[in-house]
Amino acid sequence: MRIAIEDDFDLAKIAESGQCFRWTRCADGSWLIPYRRSRLRIARVGCNEGDACDGDAGEQAGGVFEVDCAGVEFSEVWRGYFDLDEDYRAVRSRIDPADDPFLFEAAEAQRGIRILRQDLWEVIVSFIISQNRNIPAIKRSVELLCEAAGERVADHGPDGGFYAFPSPEAVCALDGESLARCRLGYREGYVRAAAESVASGAVDLEALRSASDDEAFETLLGMRGIGIKVASCIALFGLHRVNAFPIDTWIKKVLAREYPDGFPFERYEPYNGICQQYLFAHYRTTMSD
DNA sequence: AGGCAGGTTCTTA
DNA sequence: TAAGAACCTGCC
């Protein structure tokens, strides 16, 4: 079926923003997006009525998309996953080009990014794995972990299906050798500890979801292998605390270069995390180009 | 061939 | 409280 999306929505930009590690792009340009026990195929097939259909500028601003699921599934699962009930244009409109030209430029260039509402457990593990590694290595390990312990789900996609992200219990059940094959390196112990904490109930994901920002942060920091940066990423991408502002090596450089007097967090409350995504993506693309 | 990677932990002053 | 080394592994 086809759906029209009016707000910012650019699949390639979201995929490159570094918040998710399992999206794949097919040869025909469509995207395959796994979430829990579902997988969506989605492709942009046109512009919204009345919009200028001119390349990248058009793609950032949503459009018409072909999805391989029913309307009910889209509205019950994927609408939430893509955070389509949040108005990103409104968030961007708070950025004043006179006050903050750098962020304004970043947000214009990176328009189309959204903060996905991913599975919390998957986000926890993925970002524990992410530390001190580059993106290809992170993706590789996440995929190996899914193959090692995830449930096989059949669908109409290529290969006839995919591996769901494994539950904490499934990770616990993995023997040492199988987990070692996921090439997690020294993070292996962290992942196992996290799985045991959640499986045993020592860490309650539902409680985490309803906790205050401070409480959630404290719980996350108590887990082995989770420091301030990873906890911020989990808060932003796993708990949808869109004011969380992860500071990694890239953001550190942007802040040092563009905000020597400090980033004006109070100006963008409670959407600092969205601003962080614009800054991060923009800085990375401009540096690698 | 090696440095370095979207950090965290552990050790030392 | 604050630096600095060590950590697995595999990209580039």
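Rules used in this analysis
- Residues numbered from 1 in each chain as written.
- Chains lettered and ligands numbered in written order.
- Predicted model: local features only at pLDDT ≥ 70, side-chain atom pairs only at ≥ 80, totals over all residues.
- Heavy atoms only, no water.
- Core = buried A, V, L, I, M, F, W, Y, C linked by side-chain atoms within 4.5 Å.
- Buried < 20%, exposed > 50% of the residue type's maximum accessible area, 1.4 Å probe, protein only.
- Helix = DSSP H or I, 4+ residues; strand = E, 2+ residues; numbered from the N terminus.
- Contact = heavy atoms within 4.5 Å.
- Phe/Tyr/Trp six-rings, centres within 6.5 Å; stacked < 30°, edge-to-face > 60°.
- Near = heavy atom within 4 Å.
- Polar contact = N/O pair within 3.5 Å; in protein donor to acceptor, adjacent residues only side chain to side chain.
- Nonpolar A, V, L, I, M, F, W, Y, C, P; charged D, E, K, R; others polar.
- Pairing = 2+ DSSP bridges.
- Axes fitted to C-alpha atoms, helices over the stretch in contact; angles between N-to-C directions.
- Domains from an automatic or database assignment.
- Buried area = accessible area lost by both parts, 1.4 Å probe.
- Salt bridge = Lys/Arg side-chain N within 4 Å of Asp/Glu carboxyl O.
- Parallel < 35°, antiparallel > 145°, perpendicular 65-115°, else oblique.
- Left-handed = near helix turned anticlockwise from the far one by under 90°.

**Focus on the nonpolar core**
Ranked by internal contacts, the top residues of the largest apolar core, which has 68 residues, are Leu103, Trp121, Ile124, Ile226, Ile234, Phe263 and Leu279. The biggest single contributor to this core is helix 6 (residues 120-130), with eight residues. Not counting the four nearest positions on each side in its chain, Phe263 is found in contact with Leu103, Phe245, Leu255, Tyr268, Asn272, Cys275 and Leu279.

**Details of the packing of aromatic side chains**
Evaluation of the coordinates by the stated rule reveals 19 aromatic pairs. Centroid distance Phe102 to Tyr259: 6.5 Å. Interplanar angle 80 degrees. Geometry classified as edge-to-face. Here Phe102 is found in helix 5 (residues 101-109), whereas its partner Tyr259 is found in the loop between helix 14 (249-258) and helix 15 (265-268), with 157 residues between them in sequence. With relative accessibility at 15%, the residue Phe102 sits in the buried group.

**Here's the deal with the protein's contact with DNA strand C**
Taken together, the neighbourhood of DNA strand C is formed by Asn132, Asn134, Pro136, Arg140, Arg183, Gly185, Tyr186 and Arg187. Within the side chain of Arg183, a nitrogen or oxygen atom sits 2.9 Å from a phosphate oxygen of DNA strand C. Separating a base oxygen of DNA strand C from a side-chain N or O atom of Arg187 is a distance of 2.9 Å. The residue makeup of the surface near DNA strand C, split by class, is two nonpolar, three polar and three charged.

**Quick word on the sheet that holds strand 5 (residues 63-67)**
Taken in spatial order, the five strands line up as 1-5-4-3-2 in an open sheet, and their pairing is antiparallel. Each end of this open sheet is capped by a strand with a single partner; those strands are strand 1 (2-5) and strand 2 (24-25). Of the strands in this sheet, strand 1, strand 3 (31-35), strand 4 (38-46) and strand 5 are in contact with helix 3 (residues 71-81), which crosses strand 3 at around 90 degrees.

**Quick word on the domain arrangement of chain A**
Here the domain parsing of chain A yields domain 1 (2-87) and domain 2 (120-237). Its C-alpha centre places domain 1 at a distance of 25 Å from the equivalent point of domain 2. Domain 1 puts 11 residues into the contact, and the matching count from domain 2 is 20 residues. Buried area between domain 1 and domain 2, both sides added, is near 1400 Å², and the carbon and sulfur share of it is 55%. It is Phe21, Arg22 and Arg39 that lose the most area in domain 1 upon contact with domain 2, and together they represent 57% of the buried surface on that side. Counting across the interface, domain 1 meets domain 2 through three salt bridges. Here Arg39 ties to Asp155 by a salt bridge, and the two come within 2.8 Å at their closest N and O atoms. Remark: the boundary between domain 1 and domain 2 carries six residue pairs in polar contact (both at pLDDT 80 or more).

**Here we look at the packing of helix 6 against helix 7 (residues 135-149)**
For the pair helix 6 and helix 7, the least separation of the axes is 9 Å and the interaxial angle reads 135 degrees. The orientation of helix 6 with respect to helix 7, classified from their angle, is oblique. Considering only the axes of helix 6 and helix 7, their crossing is right-handed. For the pair helix 6 and helix 7, the contacting residues are Val125, Ser126, Ile129 and Ser130 in the first and Ile138, Ser141, Val142 and Leu145 in the second. Here the residues of the contact of helix 6 with helix 7 are counted per class, giving five nonpolar, three polar and no charged.

**Quick look at the pairing of strand 4**
When strand 3 meets strand 4, the two strands line up antiparallel, connected through five bridges. Along strand 4, the bridge assignment pairs Leu32 with Arg41. Examined bridge by bridge, strand 4 and strand 5 share four bridges and lie antiparallel to one another. What sits directly across from Ile42, in strand 5, is Val67.

**Regarding the protein's contact with DNA strand B**
Not every one of the 23 residues close to DNA strand B is listed here, only the nearest: Gly18, Ile135, Tyr186, Gly227 and Asp248. The sugar and phosphate moieties of DNA strand B supply 55% of its atoms located within 4 Å of the protein. Here a base oxygen of DNA strand B and a backbone polar atom of Ser17 are 3.0 Å apart.

**Overview of the pattern of salt bridges**
Per the stated rule, a full pass over the model turns up 17 salt bridges. Residue Asp8 is joined to Arg92 by a salt bridge in which the shortest nitrogen-to-oxygen separation is 2.6 Å. With Asp8 in the loop between strand 1 and helix 1 (11-16) and Arg92 in helix 4 (residues 88-93), the pair connects residues that are 84 residues apart, well separated along the chain. For Arg92, a relative accessible area of 10% translates into the label buried. Linking Arg36 and Asp119 is a salt bridge whose minimum nitrogen-to-oxygen distance equals 3.0 Å. Of this pair, Arg36 sits in the loop between strand 3 and strand 4 while Asp119 sits in the loop between helix 5 and helix 6, placing them 83 residues apart in sequence. Judged by relative accessible area, which is 16%, Asp119 ranks as buried. A network of salt bridges, in which partner residues are shared, links Asp8, Arg92, Glu108 and Arg111.

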